Amino acid sequence: MANGNGRTALKDRVKEAQEKLWGSQVVEAILRPGSPFKQGYQDSPRNRSYVVMNNVLYHLHPVKVKRHGVKLSYTLCLGGLSFFLFIVLTITGIFLMFYYTPTGELAYDDIQRLSTDVAFGSLVRNIHRWGAHLMVLSVFLHMSRVFYHGAYKPPREFNWVVGVILLLLTLLLSFSGYLLPWDQLALWAVTVGTNMAGFVPVFGNQVKFALLAGAEVSAATLLRFYVLHVLAFPFVIVIFMAVHFWRVRKDGGVSGPL
Amino acid sequence: MVDIPEDLLRRSAEAKARALGVPVEAVLAEMTGEGPPVEVPRAEPMERPVTDAEAAAEAEPEPAMSEVPPRSQPEAEVEISQGAEPEVAAEEPKVAEYDEEPVPPAEASSEVEPVAAEAETGPAEVATLVEERPSDDGSGNGSGRLAAMVTPRPVVPPTGLPEGVRTQRLLTVVKARAIQTVKPDPTDKVNTWPHLMLMEFSALLAITGLLVVMAVVIHSPLLDPANVNLTPNPSKAPWYFLGLQELLSYFDPQIAGVMVPTFTGLIGFMLIPFIDKNPSTRPSDRKFAVMLYSIFIAGSATLTMFGVLFRGRGFNWSYPWRDGIFFDDLLDWVHFE
Ligand code: HEM
């Protein structure tokens, strides 16, 4: 321990402090019993379980899964990727919110400034935009995967219904975001899209009015779509995702081998 | 002491008589206290199925039981009187809710018959072997399919039974309904960590890579500022709605814009699991379903492609190689920097 000076070497002191910290009540409180971070990871069935059980994200998974479900060719990870894209979109979306004002005067300029004045602004905007398109695609492909596997059959009927709602919400999220750059593309794409709402029998005009906050797309629509896009739809989709993941497990995990 | 209804008493007596191999009248007389205790033949069966009526009768010390030395399991006895007796004896003699086809009393006696299972609170609802664990409340009953309720018998056997043999009585059969899917057969499983996680992590890296490359190479469009008075020609919806917009040029907007998305798109899709009653998941067994879905995919892909590539000014038909692509979302935004 002691070196020539009768002092403890720095290396030893660091090690001592480390041990003290690792044994401290704070760390003890943070790490769950059996956490591999605490006791070191040696590959054993027990530790393999602890990895999953001691992490809030991992434990969305069961400790063990069916062997065939692990094969990439079974789910193609499409559900998981949809979820991951949603997370990426949330993170990049929060970044974008710092620089964006949902008003008729400022929205367009803000987007423009994002590409010129903000560090990584253009990159983040691009990730957000293409991520959104990819998410629509991956959710659609996920649905197709589920269909071709007949994975909506009992006991998974309800989860399919939840899934359809998730698809709808994904489209709504994407569509409401489409308006926000407030350029000609956004304005007229949304005009075309919402015109369809006007054809709803009997209540057409009312539905359209509620959607657009007016008779046609205007600054009020921008605010409405903004709030829906950054708050309402994400809130709802997270709830449905929670139900969706929960049901995947309650229904016995990913459906059986074909 | 509760008055036992006539018919219950009769059923009980019949059951007991059958079980013991003695005349019904004798048992009945014994039960009503009008006759001497029944002589039990040596060859008494060790386990006797019991009807609700007998259970009810059992709830009170009956003469036959009184031959038996003091009860050794008083708690178990309490169970009976809490759960079974009020249901069967005091209330109208209704058969348990679980009983889907009530068996006529006359034939019921020899059957394993559901009895009074619906006592909400009492342990009688629960299925356990009372013999060993009289106070087990059975709350860990989750995985059971069929559970047998067995009422306790005194540890000391009734006359005629060899030393150490205990009789058990089947009071009720409760079909436990699992609250979540119970896997009937073991499946081949692997640890989530590392097998699944590794796969997921790779997929995650791959899509992140793809996304970053896309974001660097393809720039998001930003056209002129929104101008309500200047309609671009053509005006196109985002690509995922372009299939619908394409439909609009063939059909009435009521149909293409409202009916198709709402009824086939939303409601129709939600109903798929309830319409497709075919239990098989093997592709070879569900050719029709697979075909329908494939037509749907091919159809929407075609419509979307038409909308994206083959629609020009005024949303009129155009050829991309002749007239160019009218799709601002992508056009002119590919840079290599
Ligand atoms: C935001 C959109 C969605 C997310 C994040 C999501 C996520 C997931 C995940 C992670 C799984 C686990 C298995 C797998 O990865 O394939 C799953 C399974 C499932 N999903 Fe989705 N999903 C979404 C949309 C949908 C849609 C649109 C449908 C159908 C209309 C659907 C129906 C199902 C069904 C039935 C299962 C069970 C599949 C099985 O057991 O094999 N989901 N979902």
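Refer to the structure above for everything that follows.
Bear in mind that the values here come from a model prediction, so they are computed numbers and not experimental data.

Conventions we followed
Residues numbered from 1 in each chain as written. Chains lettered and ligands numbered in written order. Predicted model: local features only at pLDDT ≥ 70, side-chain atom pairs only at ≥ 80, totals over all residues. Heavy atoms only, no water. Helix = DSSP H or I, 4+ residues; strand = E, 2+ residues; numbered from the N terminus. Buried < 20%, exposed > 50% of the residue type's maximum accessible area, 1.4 Å probe, protein only. Contact = heavy atoms within 4.5 Å. Salt bridge = Lys/Arg side-chain N within 4 Å of Asp/Glu carboxyl O. Polar contact = N/O pair within 3.5 Å; in protein donor to acceptor, adjacent residues only side chain to side chain. Nonpolar A, V, L, I, M, F, W, Y, C, P; charged D, E, K, R; others polar. Pairing = 2+ DSSP bridges. Core = buried A, V, L, I, M, F, W, Y, C linked by side-chain atoms within 4.5 Å. Near = heavy atom within 4 Å.

To continue, consider the overall build of chain B. What chain B contains, in helices and strands, is 11 helices and four strands. A total of 337 residues make up chain B; the buried ones form 40% of that total. Excluding contacts between residues fewer than 6 apart, the proportion of contacts in chain B whose partners are at least 24 apart in sequence is 63%.

This paragraph deals with the interface of chain B and chain A. At the interface, 78 residues of chain B touch 75 residues of chain A. Across the pair D276 of chain B and K153 of chain A runs a salt bridge, and its minimum N-O distance is 3.3 Å. Applying the counting rule to chain B against chain A returns 28 residue pairs in polar contact (both at pLDDT 80 or more). Residue classes in the side of chain B that touches chain A are distributed as 48 nonpolar, 19 polar and 11 charged. Pairing analysis gives three bridges linking strand β1 (residues 64-66) of chain A to strand β4 (residues 189-191) of chain B, with the strands arranged antiparallel. Following the sheet pairing, K64 of chain A is matched in β4 of chain B by N191 of chain B.

What follows deals with the nonpolar core. Counting 38 residues, the largest nonpolar core has M135, F147, W160 and I237 of chain A together with L211 and F269 of chain B as its most contacted members. For this core, the elements supplying multiple residues, two or more each, are α7 (78-97), α9 (121-148), α10 (157-178) and α13 (219-250) of chain A together with α7 (192-217), α9 (253-275) and α10 (287-309) of chain B. Among the elements that make up this core, the one with the highest residue count is α9 of chain A (nine residues). Residue contacts for M135 of chain A: discarding those within four places in its chain leaves S82, L85, F86, L89, T170, I237 and M241 of chain A. Membership of the second largest hydrophobic core comes to 33 residues, among which are Y108, F225 and Y226 of chain A together with L247 of chain B.

Residues and elements named next belong to chain A. What surrounds the ligand is a group of 27 residues, the closest being H142, R145, G163, H244 and S255. R145 is positioned with one of its side-chain polar atoms (N or O) 2.7 Å from an oxygen atom of the ligand. Between an oxygen atom of the ligand and a side-chain N or O atom of R156, the distance comes to 3.0 Å. Breaking the shell around the ligand down by element, the ones donating at least two residues are α7, α9, α10 and α13. No other element matches α10, which puts seven residues into the shell around the ligand. Classifying every residue of the shell around the ligand by side-chain character gives 14 nonpolar, 11 polar and two charged.

Looking now at unusual backbone geometry. Of note, the bond from P154 of chain A into P155 of chain A is cis; its omega dihedral lies within 30 degrees of zero at 5°. Note on placement: P155 of chain A falls in the loop between α9 and α10. Note that the residue after N233 of chain B, namely P234 of chain B, is joined by a cis bond; omega there is 0°. By the element assignment, P234 of chain B lies in the loop between α7 and α8 (239-248). Its identity as a non-glycine residue notwithstanding, L76 of chain A has a phi of 55°, on the positive side.

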